[in-house]
Amino acid sequence: MKLFFLLSVTPCSFSIDLMGGEAAGCDLALHFNAQFEPEEVAVFNSFQSGAWGQEERVAPIAFHRGDSFELFFMVTKAGYQVKVNGTDFHMFAHRIPVEHVTTMQISGNINLETVNIFLGGVFDMGCLDPMAVSGSMGGQWTCEVKEIPM
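All values reported here derive from a predicted model rather than from experimental measurement. (Residues numbered from 1 in each chain as written. Predicted model: local features only at pLDDT ≥ 70, side-chain atom pairs only at ≥ 80, totals over all residues. Heavy atoms only, no water.)

### Observations concerning the pattern of salt bridges
Here the structure, examined in full by the defined rule, presents four salt bridges. Linking Glu39 and Arg57 is a salt bridge whose minimum nitrogen-to-oxygen distance equals 3.2 Å. Here Glu39 is found in the loop between β3 (28-35) and β4 (41-48), whereas its partner Arg57 is found in strand β6 (residues 56-58), with 18 residues between them in sequence. Here Lys83 ties to Asp88 by a salt bridge, and the two come within 3.2 Å at their closest N and O atoms. Take Asp88: its relative accessible area is 51%, and that puts it in the exposed class. (Salt bridge = Lys/Arg side-chain N within 4 Å of Asp/Glu carboxyl O. Helix = DSSP H or I, 4+ residues; strand = E, 2+ residues; numbered from the N terminus. Buried < 20%, exposed > 50% of the residue type's maximum accessible area, 1.4 Å probe, protein only.)

### Focus: the pairing of strand β7 (residues 68-75)
Judged from the five bridges that link them, β7 and strand β8 (residues 79-84) form a sheet pairing that is antiparallel. What sits directly across from Met74, in β8, is Gln81. Where β7 hands over to β8, the hairpin turn is made up of three residues, counted between the paired strands. (Pairing = 2+ DSSP bridges.)

### Some remarks on the side chain of His90
Looking at the element boundaries, His90 is found in strand β9 (residues 87-93). On the basis of relative accessibility, which here comes to 17%, the residue His90 falls in the buried class. Within the local environment of His90, its side chain forms a polar contact with the side chain of Glu56, the two groups lying 2.7 Å apart. Discounting residues that sit within four places of it in the chain, His90 has contacts with Phe44, Glu56, Val58, Tyr80, Gln81 and Val82. (Polar contact = N/O pair within 3.5 Å; in protein donor to acceptor, adjacent residues only side chain to side chain. Contact = heavy atoms within 4.5 Å.)

### Quick notes on the pairing of strand β10 (residues 103-107)
Among the five residues in β10, five count as buried, and that is most of the element. Burial of β10 is two-sided: the residues Thr103, Gln105 and Ser107 facing one way and the residues Met104 and Ile106 facing the other way are all buried. In the sheet, strand β2 (residues 13-19) pairs with β10 via five bridges, with the strands oriented antiparallel. When the sheet's bridge partners are listed, Leu18 is paired in β10 with Met104.

What follows is the structure in structure tokens.
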């Protein structure tokens, strides 16, 4: 699975979560949180069985509030390889099997220009109507990921 985002950010932070469901308190295989105040830092973590894992903090971040940038997540056997504007940014090792991911959630006041999800033909992301996800958004956008039986 590969996730590609083209976006610009105006708030103090935004997050992208790959989740094991939509219910409050569900497991998060990947929690990516970009923070711009009081420092510019990207925080990577997971949430499993009601507890946060060890944070991985990456600073400085390779993008700035107000700028458009490409954010790319590639699922590998080792973990989530994150690239910013085509350059390797961070590798977040799997803590929860990627097969448990059923939902993606984006939170924050961002201008989302493009979302592309490359899934190799085994997943259905019907909620990703390009007209439904482009433009500015505030709050939260949630999308269910469904595996297609082979």
